[in-house]
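Survey of secondary and tertiary structure
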Amino acid sequence: ALPISFSPERLASIAALQLALLENGARAVRKGGTLVYATCSLTTTQNEQVLARFLGSDRGARFSVLSLRDSVASLWPCRDGGVPGSIRFDPDEFGGLFVVALRRAEYSDEGVGKEDKIHPDKEESTATDRS
C-alpha cells in the first residue's frame, strides 16, 4: 500500500478535529474514570501534538497519563510513543496505531453535575456517588 500524504492544511484540520473529539469525550469522564485516545495515524501531529494540546488545556489538566507499556507489551509487540506512557504499534504488526490512556483526577469537578461536587461546608460523605 502507498503511504497517504496530506497537505499541511489538511493535517492541521484533521488534528483540530481529533482535539475537539478528545475534549468532547473528556467531558463525559467521571472523576477517577479513564479515557483512551487512540488513532490509526503515525503522525506526531495527530498523536503527541494533539495529546500535548489537550493536556495543556483547562480540561486536559485534570487528566494524567496512565502507562500502558507493561500491560500491553507482554501481549503485543509495541514501542513507546512520544509521550511517556503512550504506546505505538508499528505498521508491520497492526497497520500503525497510537494509544494513550488518561485518568481523570478524583478531585476535579470541571464538567460534572452539581450533585458530584463536595461542598467545603459539608462532610465528604454527603457527596452523591454516581458510580
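See the structure printed just above.
If you're wondering where the values come from, they're calculated on a predicted model, not measured in any experiment. Sequence order as written defines residue numbering, which begins from 1 separately in each chain. Local features in this predicted model are restricted to residues whose pLDDT is 70 or higher, and side-chain atom pairs enter the listing and the counts only when it is 80 or higher, whereas totals over whole chains, interfaces and linings include all residues. To get the side-chain values, take all heavy atoms of the structure and skip hydrogens and water.

**Thoughts on the pattern of salt bridges**
Selection criterion: Salt bridges are defined by distance alone: a side-chain nitrogen of Lys or Arg within 4 Å of a carboxyl oxygen of Asp or Glu. Only DSSP runs of H or I with at least four residues qualify as helices, and only runs of E with at least two residues qualify as strands; both kinds are numbered from the N terminus onward. Under the scheme applied here, a residue whose accessible area is under 20% of the maximum for its type counts as buried, over 50% as exposed, and between as partly exposed, the area being computed with a 1.4 Å probe on protein chains only.
Within the structure shown, the criterion is met by one salt bridge. Among the ionic pairs, Arg88 bridges to Glu48, the shortest N-O distance being 2.8 Å. One end of the pair, Arg88, is in strand E4 (residues 87–89); the other, Glu48, is in helix H2 (residues 48–55), and 40 residues separate them in sequence. A single burial state applies to Arg88 and to Glu48, both of which are buried.

**Quick word on H2**
As a reminder of what qualifies: In this context, the arc is that of the directions from the helix axis out to the C-beta atoms. Note on contacts: a residue pair qualifies if any of its non-hydrogen atoms lie within 4.5 Å across the two residues.
Residues of H2 that are buried include every one of Glu48, Val50, Leu51 and Phe54, and no others. What you see down the axis of H2 is that its buried residues fit within an arc of 160 degrees, all on one side. In this structure, the buried residues of H2 make contact with helix H1 (8–27), strand E1 (34–39), strand E2 (63–66), E4 and strand E5 (97–104).

**Points about the nonpolar core**
The following threshold applies: Buried Ala, Val, Leu, Ile, Met, Phe, Trp, Tyr and Cys residues form a nonpolar core when they are joined through side-chain atoms within 4.5 Å.
Core analysis: the largest hydrophobic core is formed by 15 residues, its most contacted members being Leu22, Leu35, Phe54, Phe63 and Leu102. Those elements that place two or more of their residues in this core are H1, E1, H2 and E5. With four residues, H1 is the largest single contributor of residues to this core. Not counting chain neighbours up to four residues away, the residues in contact with Phe63 comprise Ala26, Val29, Leu35, Phe54, Leu55, Leu102, Arg103 and Arg104. By size, the runner-up hydrophobic cluster in this structure holds seven residues, among which are Val72, Phe89, Val99 and Ala101.

**Observations regarding the packing of H1 against H2**
The packing of two helices is summarised by the inter-axis angle and the distance between the axes. Short version of the rule: The convention used is that axes are lines fitted to C-alpha atoms, helices contributing only their stretch in contact, and that angles between N-to-C directions extend from 0 to 180 degrees. Note on angle classes: values under 35 degrees are labelled roughly parallel, values over 145 roughly antiparallel, values of 65 to 115 roughly perpendicular, and the remainder oblique. Should the near helix be turned counterclockwise from the far one by less than a right angle, the crossing is left-handed, whereas a clockwise turn marks it as right-handed. Classes in brief: Ala, Val, Leu, Ile, Met, Phe, Trp, Tyr, Cys and Pro nonpolar; Asp, Glu, Lys and Arg charged; the others, Gly included, polar.
Between H1 and H2, whose axes approach to 10 Å, the crossing angle comes to 45 degrees. On the basis of the axis angle, H1 is oblique to H2. When you trace H1 past H2, the crossing you get is right-handed. Mapping the contact onto sequence places Ala15, Gln18, Leu19, Leu22, Glu23 and Ala26 in H1 and Val50, Arg53 and Phe54 in H2. Split by residue class, the contact of H1 with H2 holds six nonpolar, one polar and two charged.

**Description of the side chain of Ser41**
Heads up, the rule is: Two N or O atoms form a polar contact when they lie within 3.5 Å of each other; inside protein one atom must be a possible hydrogen donor and the other a possible acceptor, and for residues adjacent in sequence the pair counts only when both atoms belong to side chains.
Turning to its location among the elements, Ser41 is positioned in the loop between E1 and H2. Looking at Ser41, the relative accessible area reads 9%, which means it is buried. A polar atom in the side chain of Ser41 sits 3.1 Å from the backbone nitrogen of Thr43. If near-sequence neighbours (up to four positions away) are discounted, Ser41 is found in contact with Gln46, Asn47, Arg88, Gly96, Leu97 and Phe98.

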